[in-house]
Amino acid sequence: MPLHFSHQFFKTRAEVLDDVKTNETWPTTFVSGPSAALPVHWHLDEVHAYIMEGETDFLDAESGKQTPVVAGDKIIIPARTLHAEGVVKDRVVYILALPQPLAGDDFLAMHDPDTI
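Residues numbered from 1 in each chain as written. Predicted model: local features only at pLDDT ≥ 70, side-chain atom pairs only at ≥ 80, totals over all residues. Heavy atoms only, no water.

Peer 1: Explain the side chain of H83 to me, and be specific about the residues and the numbers.
Peer 2: Within the secondary structure layout, H83 lies in strand β7 (residues 83-85). The buried category is assigned to H83, whose relative accessible area is 1%. In this structure H83 touches L3, P39, V40, H41, W42, H43, F58, L59, A61 and I77, once residues within four positions along its chain are discounted. (Helix = DSSP H or I, 4+ residues; strand = E, 2+ residues; numbered from the N terminus. Buried < 20%, exposed > 50% of the residue type's maximum accessible area, 1.4 Å probe, protein only. Contact = heavy atoms within 4.5 Å.)

Printed below as a string of structure tokens:
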């Protein structure tokens, strides 16, 4: 399945938390510091990513399309979908929502594309 982008989906943290409640997901905060683009990978669970601060882009490995994202955007990354976060110049602050609560080491475990 492809990544789904909703540009300017929200304006406030309260709107994000309302969406998290509507989707019956579990929120957590994640900060991505300055870094080169990540390698293509996948996650076991669907991830709803709300960009709270900063900017980057996401590669949808299925289509090869890079989509820029900024504060206010939401990305839905279906389970087992190959993707990659792009270059982060300063930092990107996310609220991530998952279908179940997971420990910090598990919630963003990156799996190798060859094991999908």
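Peer 1: Lay out the sheet that holds β7 in plain terms, naming residues and giving numbers.
Peer 2: Across the sheet, 3 strands lie side by side as β5-β4-β7; this open sheet has antiparallel pairing. Looking at which strands have only one partner, the edges of the open sheet turn out to be β5 (65-70) and β7. Averaged over all pairs of adjacent strands, the angle between strand axes in this sheet comes to 20°, irrespective of strand direction. The pairing of strand β4 (residues 55-60) with β7 spans 3 bridges and is antiparallel. (Pairing = 2+ DSSP bridges. Axes fitted to C-alpha atoms, helices over the stretch in contact; angles between N-to-C directions.)

Peer 1: Describe the packing of aromatic side chains, with residues and values.
Peer 2: Following the criterion strictly, the structure yields 2 aromatic pairs and no others. Seen in terms of ring centroids, F30 and Y94 are 6.3 Å apart; in terms of plane orientation they differ by 40°. Their pairing is tilted. Linking F30 in strand β2 (residues 26-32) with Y94 in strand β8 (residues 92-98), this pair joins segments that are 64 residues apart in sequence. A relative accessible area of 3% means that Y94 is categorised as buried. (Phe/Tyr/Trp six-rings, centres within 6.5 Å; stacked < 30°, edge-to-face > 60°.)

Peer 1: A description of helix α1 (residues 13-23) should follow, citing residues and the corresponding values.
Peer 2: Of all the residues in α1, the buried ones are V16, D19 and V20. Within α1, the buried residues cover an arc of 105° as seen down the axis, which keeps them to one side. Of the exposed residues in α1, those oriented more than 90 degrees away from the buried face are K21 and T22. In this structure, the buried residues of α1 make contact with β2, β3 (47-53), β6 (74-77) and β8. Just downstream of α1 lies E24, where phi reads positive at about 55°. (Arc of directions from axis to C-beta.)

By themselves these figures say nothing about function.
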